[in-house]
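Below, each chain spelled out in residue letters.
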Amino acid sequence: MIIFKPFHIIPNKTKIQFLNFRFISIFFSTLLVLISISLGFLGFLNFGIDFKGGILLEARSISGTADIPRLREDLKKFDLGEINIQEFGNVSDVLIRFQKQEGEESLQAERLNQIKNFLNIEYEVRRTEYVGPVVGKELQRTSFWAIMIALLGILVYIWFRFEWQFAIAAILALFHDVVSTIGLYALTNFEFNLATVAAILTIAGYSINDTVVVFDRIRENLRKYKSANQINIMNLSLNETLSRTITTSITTLLALLAIYFFGGEVLSNFTLTMIWGVLIGTYSSIFIASPLIILFGFKQEKE
């Protein structure tokens, strides 16, 4: 009889002194946040059609099935800039969005007619819409408030569940994750659109879930070892949850990498954002959230 021994990615009973690196990690993360904010304010974000405005076409394939990869390659020849094509409703319908073209309104109409004439060979153009810059500005505001309200809701939840030092530490770690993700988009010039906002909100949920698990173990050990050194208790808690944290991150990353490499161009930016979010969320749960509890002067109850 063959007996298989369990495989451990992280060895049992690790004794890594995470909090010995707390000043380095806080300095590095503060620098990362400041750079990300600076890039955002300096206008390095490449806003997509959702925020800048553009033209939307709904078309139906005459042959019955829309060949999206081929259509994307064909439309690139028109030098329209950013183009977004996706299936809409069924396999024969597609939504085509491209950014507002430079020049007068007459040039916009001319470019639109060129696209329609090309599409009419194999597609029936069923709808044409123009997304103006006013709508784009409104979407920017609503997206900003969506992120802020999500962070506020998380802050209130953590405040009720833990002491206020835990709540502030968690929200600052979460703020670090969100801002650094925006900084990644500013640095790489990837398109920042509504899908990005959805990815950021998903990252916030993933990150805070990981942080709450760590905080639960810290609180449990603080009550269990009341006479022990606080830093030693936090290091113990981080080591006890390390296997769970790393295993969860790796399994999530495996799924995301599969989507990134095989999910097509439409999902690539969203997936890349999620990959970054998993990595930065795991880092912040260990190296940012826990050290901040000490920084804010949390005092454990003594026997």
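Everything discussed here concerns the structure shown above.
Since the model is a prediction, treat every value here as computed from it, not as a measurement.

S.K.: Requested: an account of the packing of aromatic side chains, with residues and values cited.
M.R.: Remark: the centre distance and the inter-plane angle together describe each pair of aromatic rings, the angle taken between the planes. Taken as a whole and judged by the stated rule, the model has ten aromatic pairs. Taking 5.7 Å as the distance between ring centres and 75 degrees as the angle between the ring planes, the aromatic pair formed by F18 and F287 counts as edge-to-face. Of this pair, F18 sits in the segment before α1 (22-41) while F287 sits in helix α9 (residues 265-295), and the two are 269 residues apart along the sequence. You can call F18 buried: its relative accessible area is 6%.

S.K.: Run through the environment of K15, naming residues and quoting values.
M.R.: Position of K15 relative to the elements: it lies in the segment before α1. The class for K15 is exposed, based on a relative accessible area of 73%. In this structure the C-alpha to C-alpha distance between K15 and N235, which are 220 residues apart in sequence, comes to 7.7 Å.

S.K.: Explain the packing of helix α6 (residues 164-188) against helix α7 (residues 194-224) to me, and be specific about the residues and the numbers.
M.R.: Two numbers describe how α6 lies on α7: the axes approach to 10 Å, and their chain directions differ by 150 degrees. Taken together, the axes of α6 and α7 lie roughly antiparallel to each other. As α6 packs across α7, the resulting crossing turns out to be right-handed. The segment α6 lies against α7, with F166, A169, A170, L174, D177, V178, T181, I182 and Y185 engaging T196, I200, I203, A204, S207, I208, T211, F215, I218 and L222. The residue inventory of the contact of α6 with α7, partitioned by class, reads 14 nonpolar, four polar and one charged.

S.K.: Could you give an account of α6, naming the residues involved and the relevant values?
M.R.: With 25 residues, α6 should reach 36 Å at 1.5 Å per residue; the first-to-last C-alpha distance of 36 Å fits that figure. Among the 25 residues that make up α6, 18 are buried, leaving the element largely enclosed by the rest of the structure. Positioned one or two residues after α6, N189 has a phi angle of 65 degrees, which is positive.

What counts, and at which threshold
Each chain has its residues counted from 1, running along the sequence as written. Whole-chain, interface and lining totals are the exception, using all residues; otherwise, since this is a predicted model, local features are given only for residues with pLDDT of at least 70 and side-chain atom pairs are given and counted only at 80 or more. Each side-chain value is worked out from all heavy atoms of the structure, with water and hydrogens disregarded. Stacked, tilted and edge-to-face are the three classes applied to pairs of Phe, Tyr and Trp rings, where Trp contributes its six-membered ring and a pair requires centres within 6.5 Å; stacked means planes under 30 degrees apart, edge-to-face means over 60, and tilted covers the rest. Helix numbers and strand numbers start at the N terminus; a helix is a DSSP run of H or I with at least 4 residues, a strand a run of E with at least 2. When accessible area is computed with a 1.4 Å probe and restricted to protein chains, residues below 20% of their type maximum are described as buried, those above 50% as exposed, and intermediate ones as partly exposed. Note on geometry: axes are lines fitted to C-alpha atoms, helical ones only across the stretch in contact, with angles between N-to-C directions running from 0 to 180 degrees. Oblique is the label for any angle not covered by the other classes, which are roughly parallel (under 35 degrees), roughly antiparallel (over 145) and roughly perpendicular (65 to 115). For a crossing to be left-handed, the near helix must be turned anticlockwise from the far one by less than a right angle; the clockwise case is right-handed. Here, two residues are considered to be in contact whenever any of their heavy atoms come within 4.5 Å of each other. Gly falls in the polar group here, along with every residue not listed as nonpolar (Ala, Val, Leu, Ile, Met, Phe, Trp, Tyr, Cys, Pro) or charged (Asp, Glu, Lys, Arg). By this rule, a helix spans an expected 1.5 Å times one less than how many residues it contains.

By themselves, these are just geometric observations and shouldn't be taken as functional.
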